[in-house]
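Descriptive structure summary
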Amino acid sequence: MAKISLIVNGNPVTGNVDPRTLLVQFLRENLRLTGTHVGCDTSQCGACVVHLDGKAVKSCTTLAVMADGHEVKTIEGLAADGAPLHPMQEAFREHHGLQCGFCTPGMIMTAIDIVHRKGHEVDDHTIREELEGNLCRCTGYQNIVASIAAGAKAMAKSDLA
């Protein structure tokens, strides 16, 4: 077993894990943060995207020991309980960027990363290219793209960006 210490959604956590434990397993099984989904286990679908030190990573192919000493943010960490939603979450709600919701946490975490890397005036073509590693089996992506564009603009005006 390996002892790991990290910051998850602003809170220090420790755990003893098998060195082969995936970050997604640690988040879901040890910390009960089940908003991060397991869709494919092969890094193809993006349902497991979290932020590791501020950058989007697929937690189904990241070992928990790789996060030792680092900061992880999950979908649960975007807005505090009872607080307003993060602007990107609100944009997905307002622009109907989800149907079944399975891919939504990964899409939102990826979308926030896109805005951090590409800026608040990101165009539809760029959004579609950047979403290449995120699959949705329910929507036609149009509302997801619209949600990300609206969320990007809203993030420019928010303290939560």
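Quick notes on the rules
- Residues numbered from 1 in each chain as written.
- Predicted model: local features only at pLDDT ≥ 70, side-chain atom pairs only at ≥ 80, totals over all residues.
- Heavy atoms only, no water.
- Helix = DSSP H or I, 4+ residues; strand = E, 2+ residues; numbered from the N terminus.
- Rg over C-alpha atoms; globule rule 2.2 N^0.38 Å.
- Buried < 20%, exposed > 50% of the residue type's maximum accessible area, 1.4 Å probe, protein only.
- Pairing = 2+ DSSP bridges.
- Axes fitted to C-alpha atoms, helices over the stretch in contact; angles between N-to-C directions.
- Patch = residues over 30% accessible without salt bridge, like charges linked within 9 Å, V, L, I, M, F, W, Y side chains within 5 Å.
- Areas by Shrake-Rupley, 256 points an atom, 1.4 Å probe, with all protein chains shown as cover.
- Salt bridge = Lys/Arg side-chain N within 4 Å of Asp/Glu carboxyl O.
- Lys, Arg positive; Asp, Glu negative; His and termini not counted.
- Charge placed at Lys NZ, Arg CZ, Asp CG, Glu CD.
- Expected span 1.5 Å × (residues − 1).
- Contact = heavy atoms within 4.5 Å.
- Parallel < 35°, antiparallel > 145°, perpendicular 65-115°, else oblique.
- Left-handed = near helix turned anticlockwise from the far one by under 90°.
- Nonpolar A, V, L, I, M, F, W, Y, C, P; charged D, E, K, R; others polar.
- Domains from an automatic or database assignment.
- Buried area = accessible area lost by both parts, 1.4 Å probe.
- Polar contact = N/O pair within 3.5 Å; in protein donor to acceptor, adjacent residues only side chain to side chain.

A word on the overall build of the protein
Helix and strand content of the protein: five helices and five strands. Radius of gyration (C-alpha) of the protein: 15 Å, near the 15 Å computed for a compact globule of 161 residues. Overall, the protein is about 45 × 30 × 25 Å in size when its C-alpha atoms are taken along their principal axes. Classification of the 161 residues of the protein by burial places 45% in the buried group.

Points about the sheet that holds strand 2 (residues 11-17)
Taken in spatial order, the five strands line up as 2-1-5-3-4 in an open sheet, and their pairing is mixed. With one partner strand each, in any of the chains shown, strand 2 and strand 4 (55-58) form the two edges of the open sheet. The average undirected angle you get between the axes of adjacent strands in this sheet is 40°. Relative to strand 5 (residues 71-73), strand 3 (residues 49-52) runs antiparallel, the two sharing two bridges.

Description of a negative patch on the surface
On the surface, Asp 123, Asp 124, Glu 129 and Glu 132 cluster together into a negatively charged patch. Its location among the elements puts Glu 129 in helix 4 (residues 124-130). Glu 129 sits in the partly exposed class, given a relative accessible area of 49%.

Focus on helix 5 (residues 142-156)
Helix length check: helix 5 (15 residues) gives 22 Å between terminal C-alpha atoms against 21 Å at 1.5 Å per residue, within 8%. Within helix 5, the full set of buried residues consists of Ile 144, Val 145, Ser 147, Ile 148, Ala 149, Gly 151, Ala 152 and Met 155. Elements that come into contact with the buried residues of helix 5 comprise helix 2 (87-94), helix 3 (104-118) and helix 4.

Side note on the packing of helix 2 against helix 5
Between helix 2 and helix 5, whose axes approach to 8 Å, the crossing angle comes to 140°. In this view, helix 2 runs oblique relative to helix 5, as classed from their interaxial angle. Of the two possible hands of crossing, helix 2 and helix 5 adopt the one that is right-handed. Residues Pro 87, Met 88, Ala 91 and Phe 92 of helix 2 lie in contact with helix 5, whose contacting residues are Ile 144, Ser 147, Ile 148, Ala 150, Gly 151, Ala 152, Ala 154 and Met 155. Across the contact of helix 2 with helix 5, the residue classes break down as 10 nonpolar, two polar and no charged.

Some words on the domain arrangement of the protein
How large an interface is tends to be reported as the accessible area lost when its parts come together. Split into domains, the protein comes out as domain 1 (2-74) and domain 2 (87-156). Taken residue by residue, the interface counts 17 residues in domain 1 and 11 residues in domain 2. The contact between domain 1 and domain 2 buries some 1000 Å² in all, and 58% of this surface belongs to carbon and sulfur atoms. Sorting the residues of domain 1 by area buried against domain 2 places His 37, Cys 45 and His 51 first, and these three jointly supply 38% of that buried surface. The tally of links from domain 1 across to domain 2 stands at zero salt bridges. In this structure, the connection of domain 1 to domain 2 is made through seven residue pairs in polar contact (both at pLDDT 80 or more). Its residues assigned to classes, the side of domain 1 that touches domain 2 comprises six nonpolar, eight polar and three charged.

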